[in-house]
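What the coordinates show
Here is how the chains run, residue by residue.
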Amino acid sequence: MSGGLLFALGGIALFAIGISALVLRPHLLRKILALNVMASGVFLILVGGGSGVQGVDPVPQAMVITGIVVSVSATALGLALVLRIARMTGHASLPEDRNRAAAEAKAE
Amino acid sequence: MSGPSAQRPVLRAVLGLALLAVAAGLANALMAPSGFPNLTAAVDASLESSGVGNPVTAVLLNFRAYDTLLEMAVLAAALAGVWSLGRATPTLALRPSPVLVGLLRVLGPLFPIICGYLLWAGASQPGGAFQAGAVLATSAVLYVLLAREAGPRLPELPMRVAAVAGVGVFLAVGLAVMAAGGGFLEYPPALSKTLILAIETAAMISIAVTLAGLFLGGRPRSEP
C-alpha cells in the first residue's frame, strides 16, 4: 500500500466522521467544524489519490489550493451567519433541532 | 440539550451503516485499477507552452484558469455575504498586548517582502497568489487586532474595489485574449507569463483584502 493511498483512505474516514457530526450535533458551530473536517477529508483524498508511481499529480493539488480558499471563505460566511442567528434568537442551533430536543425531553 | 440523539439508537445505527457504505464505496472507487486518473504526463507535455515552470501554477492559471476565476468570484461573493449582514463590531475592547506590538514592529516590514517573493517564486517553484495573499491577509489581520481599541476603521470603498480587482482583472484578460482571436482565457504563448503575473498580482491583493474583510465579520466602520 503506497503512502498516498493511506492518506486517501484516512481522508475517506475523516469525510465519514464529518458527515456523522454534521447530522448528529445540533450546535451550529459544531456543524461548521464538521463541514471543515469533511473538506479536509476531501483534500486528503484528492492529494493522496493523486500521488502515485508517476509522481504527484499537479491537477488535484491545484484543485485543493482552490478548495482551501473556498472552504475558508465559506467557513467565514457560515460563522458570520451563526453569530447573526445567535444574536437574534439567543441560540446557536436551528429551531427544528431545539423543538425536537424539547419534544424528546417531554416524552421521557 | 443532552447528548446528540441519545434516545434514538436505531437511527444512529442506520446512520453508522450508511456512512460505512459510503466509505466502502469511496474506498472501492479509489482502489479500482483505473480509479484515479493521473494527469502528470499531460501537464508535463504542455508545460512549456504555459508560460510558467511550476506545474501547479500552470494548472491554476492556465490549463484550468476557469476554476480559479470562479474561485475569485466565490471569494467576492462570500465577502459580500458577510458584509451584508451588518457592520463590523469591535468585540475586543482590550489594549493590544505589548507582544503583538513588538512582533509587528519586527515582522511588519517583512510581510511585503515575503509576499513579493512568494508571488514571483510561484512561476517556477511552490508559491503563488494564494500563498502570497494569505501572508498579506495575516499582516492585515495583525494590524486590525492592533487597532481593535477603537474598533476597525478602514477605508470601505478602496477595500470593495480591491476585493473585486482579482475577478475583474481575470475577466478583463480573458475577454482581451478573446478579442485578440483566441478562446476565453486562452493566452497567446508569448504573452502568457506577463498575463499570468498580472492576474496573480491582482488575485493576491483581492485574496488578502477578502480574507482580512472576512475576519472583520462585517462592513468596515469608516462611514457614519
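1. Describing a nonpolar patch on the surface
- A grouping of L110, I113 and I114 of chain B is seen on the molecular surface, where their side chains present a nonpolar patch of about 260 Å² in accessible area.
- For I113 of chain B, the position within the fold is in helix α6 (residues 110-121).

2. Quick look at the environment of G166 of chain B
Residues and elements named next belong to chain B.
- Following the sequence through the fold, G166 ends up in helix α8 (residues 156-179).
- On the basis of relative accessible area, G166 is assigned to the buried category, the value being 0%.
- Every residue in contact with G166, bar those within four places of it in the chain, is listed here: M72, A202, A203 and S206.

3. Considering the interface of chain B and chain A
- Residue-level contacts link 37 residues of chain B with 43 residues of chain A.
- Both faces combined, the contact of chain B with chain A buries some 3,600 Å², and carbon together with sulfur accounts for 76% of it.
- At the boundary of chain B and chain A, one finds 1 residue pair in polar contact (both at pLDDT 80 or more).
- At the level of secondary structure, the elements contributing two or more residues to the side of chain B that touches chain A comprise α1 (9-31), α2 (40-46), α3 (55-63), α4 (65-84), α7 (129-146) and α9 (192-216) of chain B.
- With 8 residues, the single largest contributor to the side of chain B that touches chain A is α1 of chain B.
- Of the residues that constitute the side of chain B that touches chain A, the class distribution is 25 nonpolar, 7 polar and 5 charged.

4. Considerations on the pattern of salt bridges
- The tally for this structure, following the rule as stated, stands at 2 salt bridges over all chains.
- We note a salt bridge from R100 of chain A to D97 of chain A, for which the minimum N-O separation is 3.8 Å. Taken together, the positions of R100 of chain A and D97 of chain A, both in helix α4 (residues 95-107) and 3 residues apart, correspond to about one turn of that helix.
- Residue classification places R100 of chain A among the partly exposed positions, given a relative accessible area of 29%.
- In this structure, D67 of chain B and R64 of chain B form a salt bridge, with 2.8 Å as the shortest nitrogen-oxygen distance.
- The partly exposed category is assigned to D67 of chain B, whose relative accessible area is 27%.

5. Things to note about the nonpolar core
- Ranked by internal contacts, the top residues of the largest apolar core, which has 57 residues, are L60, M72, F170, Y187 and L214 of chain B.
- Mapped onto this core, the elements with two or more residues apiece are α3 (58-89) of chain A together with α3, α4, α5 (98-107), α6, α7, α8 and α9 of chain B.
- Take this core: its biggest share by element is 11 residues, from α9 of chain B.
- Other than its neighbours up to four places away in sequence, F170 of chain B contacts L61, A65, T68, L69, M72, L185, Y187 and I199 of chain B.

6. Some thoughts on α6 of chain B
- Given a rise of 1.5 Å per residue, 12 residues ought to cover 16 Å, and the 16 Å separating the end C-alpha atoms of α6 of chain B matches this to within 8%.
- Contact partners of the buried residues in α6 of chain B: α5, α7 and α9 of chain B.

7. Considering the packing of aromatic side chains
All names here are of chain B.
- For the structure shown, the criterion picks out 1 aromatic pair over all chains.
- Summarising the aromatic geometry, the rings of Y66 and F184 are spaced 5.7 Å apart at their centres and angled 65° between planes, so their arrangement reads as edge-to-face. Of this pair, Y66 sits in helix α4 while F184 sits in the loop between α8 and α9; the two residues are 118 residues apart in sequence, bridging distant segments of the chain.
- Here the basic side chain of K193 rests over the ring of W120, its NZ or CZ set 4.8 Å away from the ring centre.

Cut-offs and rules
Residues numbered from 1 in each chain as written. Chains lettered and ligands numbered in written order. Predicted model: local features only at pLDDT ≥ 70, side-chain atom pairs only at ≥ 80, totals over all residues. Heavy atoms only, no water. Patch = residues over 30% accessible without salt bridge, like charges linked within 9 Å, V, L, I, M, F, W, Y side chains within 5 Å. Areas by Shrake-Rupley, 256 points an atom, 1.4 Å probe, with all protein chains shown as cover. Salt bridge = Lys/Arg side-chain N within 4 Å of Asp/Glu carboxyl O. Helix = DSSP H or I, 4+ residues; strand = E, 2+ residues; numbered from the N terminus. Buried < 20%, exposed > 50% of the residue type's maximum accessible area, 1.4 Å probe, protein only. Contact = heavy atoms within 4.5 Å. Buried area = accessible area lost by both parts, 1.4 Å probe. Polar contact = N/O pair within 3.5 Å; in protein donor to acceptor, adjacent residues only side chain to side chain. Nonpolar A, V, L, I, M, F, W, Y, C, P; charged D, E, K, R; others polar. Core = buried A, V, L, I, M, F, W, Y, C linked by side-chain atoms within 4.5 Å. Expected span 1.5 Å × (residues − 1). Phe/Tyr/Trp six-rings, centres within 6.5 Å; stacked < 30°, edge-to-face > 60°. Lys NZ or Arg CZ within 6 Å of the ring centre and 35° of its normal.

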